Amino acid sequence: MDSIDRKIINRLQQNARVSLKALAKECYISPPTISARIHHLEQLGIIKNYYTLIDYKKAGYHIKAFVHVKVDPKDKSNFYKYIESIPNVLECDCVSGEFSMVIKVIFESTELLDSFINLLQRFGKTNTQIVFSTPVDVRGVSLSEEKA
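Residues numbered from 1 in each chain as written. Predicted model: local features only at pLDDT ≥ 70, side-chain atom pairs only at ≥ 80, totals over all residues. Heavy atoms only, no water.

### A closer look at the overall build of the protein
- Per the secondary structure count, the protein includes five helices and four strands.
- When the helices and strands of the protein are placed in sequence order, the string is α-α-α-β-α-β-β-α-β.
- Against the 2.2 N^0.38 benchmark of 15 Å for 148 residues, the protein shows a C-alpha radius of gyration of 20 Å, more extended than a compact globule.
- Dimensions of the protein, computed from C-alpha atoms along their principal axes, come out at roughly 55 × 35 × 25 Å. (Helix = DSSP H or I, 4+ residues; strand = E, 2+ residues; numbered from the N terminus. Rg over C-alpha atoms; globule rule 2.2 N^0.38 Å.)

Below, the structure written as structure tokens:
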């Protein structure tokens, strides 16, 4: 990756809908070259996906929480299948420490969160933190545009 690729990635993380023409102008190269670079970054797996970030509260999901689960290693395969099937799960990470999984979830109500946790407890002990506020929302990583 060179400085132009990093500039393209930074700009796409700010706005994935930015036009090729605008990117080309910012990078001082032609739109077809921008398109080819983006395609190459996608092929390398550096750009994994594009998605729309919504305001969950405005969409009716007023409860955001982090659920920690202590999953027995022999149950991980079944746990992964289960957790992947739950649309309210935004992210699930395997982590170090007392709990082996951290799950970021959103629900319309605490009652629905409670029902989810009750089902989740078949995989092991849980610990839940409900989010009060989010001072730093989801964002990309800013790549240095200087020569490496």
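### Some remarks on the sheet that holds strand S4 (residues 126-130)
- Here four strands make up an open sheet; going across it, the order is S2-S3-S1-S4 and the pairing antiparallel. The open sheet has two edge strands, strand S2 (89-94) and S4, and neither has a second partner. When strand polarity is set aside, the average angle formed by the axes of neighbouring strands in this sheet is 20°.
- One ladder, built from seven bridges, connects strand S1 (residues 63-69) with strand S3 (residues 101-107); its direction is antiparallel. When the sheet's bridge partners are listed, Val69 is paired in S3 with Met101.
- Contacts between helix H5 (residues 110-120) and the sheet are confined to S1, S2, S3 and S4, with S1 contributing the most and set at about 15° to the helix. (Pairing = 2+ DSSP bridges. Axes fitted to C-alpha atoms, helices over the stretch in contact; angles between N-to-C directions. Contact = heavy atoms within 4.5 Å.)

### Description of the packing of aromatic side chains
- This model, assessed by the stated rule, comprises four aromatic pairs.
- Taken together, a centroid distance of 5.3 Å and an interplanar angle of 80° make the contact between Phe79 and Phe123 edge-to-face. With a gap of 44 residues between them, Phe79 in helix H4 (residues 76-84) and Phe123 in the loop between H5 and S4 connect regions that are remote in the sequence.
- Here Tyr82 and Phe123 contribute two aromatic rings whose centre-to-centre distance is 5.5 Å and whose plane-to-plane angle is 35°, an arrangement assigned as tilted. Taken as a pair, Tyr82 in helix H4 and Phe123 in the loop between H5 and S4 lie far apart in primary sequence, 41 residues in all. (Phe/Tyr/Trp six-rings, centres within 6.5 Å; stacked < 30°, edge-to-face > 60°.)

### Here we look at helix H2 (residues 20-27)
- Listing the buried residues of H2 in full gives Leu23, Ala24 and Cys27. Considered in projection along H2, the buried side chains sweep an arc of 100° and stay on one side of the axis. Those residues of H2 that are exposed and angled more than 90 degrees off the buried face are Lys21 and Lys25.
- Trailing H2 by a residue or two, Tyr28 shows a phi angle of about 60°, which is positive. (Buried < 20%, exposed > 50% of the residue type's maximum accessible area, 1.4 Å probe, protein only. Arc of directions from axis to C-beta.)

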